[in-house]
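# A closer look at the structure
These are the residues of each chain, in order.
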Amino acid sequence: MNGLIALLGSGEYLPVMDEVDRYLLANSSADGRTPRVVCLPTAAGQEGNESVERWSRMGRDHFQRLGADVSATRVIDRASADDPQWETVLESADLIYFSGGSPVYLLETMKDSRAWAAAQRAWARGAAYAGCSAGAMILGQFVPDIRRMGLSNLKGFGILPARFIIPHFDSIPAVWRPFILALRQKLKNDEWMLGLDEDTALVGRLGGTWRVMGRQTVSVITKQATQVYKSGDEVPLQTRKP
């Protein structure tokens, strides 16, 4: 059975996400033992060693405080994503956690990599997947190419049927709102996208129930309408197991 998926608008490794992360740990594939968490700072790989180390340290400190056995892998570029040393680490994880950064860089780094294949094997046997910001966006059908102001889109991993997954939805600067409107206008009548507010997560399983957790809301957006769900609400996503 595929594991839980948590899509976060922001807030990774912060106390505001304690409830979400405790839920993921309790419902992972650990089966009574201390859960193994692997944090991946991959999306920040272009930002330099200081940023990578900061995300890694935050992940370790956060999940150690929650009682997990946690490691942070230096999967930060294509070479390290194909390094076989990380396959066993990822495949044996109970929770795999991608922090934020560049969604395009994350997608291009992980696509067809050994690390991504190992992460998918872990998820397929019941490990949970958490993706914040960039880590959430890559699970949609497409990732907007921000380098080109969304004039083109990259094909995402397509784990979820949402055409786009947009984090930081409640705090998008005014200059970017026409960009979001353009994405919405591209939706076909049967398509939808997700807007994830900051400090908020949408948690569920393919073919199962999805629920909003955290401080704010999740929006399901079609070309014609927007439905907003607050924390605690069940979100009727049409997802199915692969």
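See the structure shown above.
I will try to describe carefully the structure that is included in this document. Here the structure is a predicted model, which means the values were calculated and not measured. (Residues numbered from 1 in each chain as written. Predicted model: local features only at pLDDT ≥ 70, side-chain atom pairs only at ≥ 80, totals over all residues. Heavy atoms only, no water.)

## Considering the overall build of the chain
Selection criterion: To qualify as a helix, a DSSP run of H or I must reach at least 4 residues; to qualify as a strand, a run of E must reach at least 2; elements of each kind are numbered from the N terminus. Restricting the calculation to C-alpha atoms gives the radius of gyration, and the globule rule supplies 2.2 Å times the number of residues raised to the power 0.38. Burial here depends on accessible area, computed with a 1.4 Å probe over protein chains only, as a share of the maximum for the residue type. Under 20% is buried, over 50% is exposed, and the range in between is partly exposed. Whether two residues are in contact is decided by their heavy atoms, any of which lying within 4.5 Å being enough. For the accessible areas, the method is Shrake-Rupley and the probe is 1.4 Å, while residue cover comes only from the protein chains on display.
When helices and strands are counted, the chain shows 8 helices and 13 strands. Against the 2.2 N^0.38 benchmark of 18 Å for 242 residues, the chain shows a C-alpha radius of gyration of 17 Å, consistent with a compact globule. Out of the 242 residues in the chain, the part that is buried amounts to 54%. Counted over contacts in the chain with a minimum sequence separation of 6, partners at least 24 positions apart contribute 70%. Accessible area for the chain stands at about 10600 Å²; split by element, carbon and sulfur atoms hold 50% of it.

## Looking at the sheet that holds strand 2 (residues 36–40)
Heads up, the condition is: Any two strands with at least two DSSP-identified bridges between them are counted as paired. Note on method: axes are straight lines fitted to C-alpha atoms, helices fitted across the in-contact stretch only, with angles between N-to-C directions ranging 0 to 180 degrees.
Spatial ordering of the open sheet is given by 3-2-4-5-1-10-11, a layout of 7 strands whose pairing is mixed. The sheet terminates laterally at strand 3 (69–72) and strand 11 (210–214), the two strands that pair on one side only. For this sheet the average axis-to-axis angle between neighbouring strands, irrespective of direction, equals 20°. Summarising the sheet, strand 4 (residues 95–98) and strand 5 (residues 128–132) pair through 4 bridges and their orientation is parallel.

## Quick word on the pairing of strand 4
Residue alternation in strand 4 divides its side chains into two sets, L95 and Y97 and I96 and F98, and both sets are buried. Bridging between strand 2 and strand 4 involves 4 bridges; their strand directions are parallel. Of the residues in strand 4, the one forming a bridge with V38 is I96.

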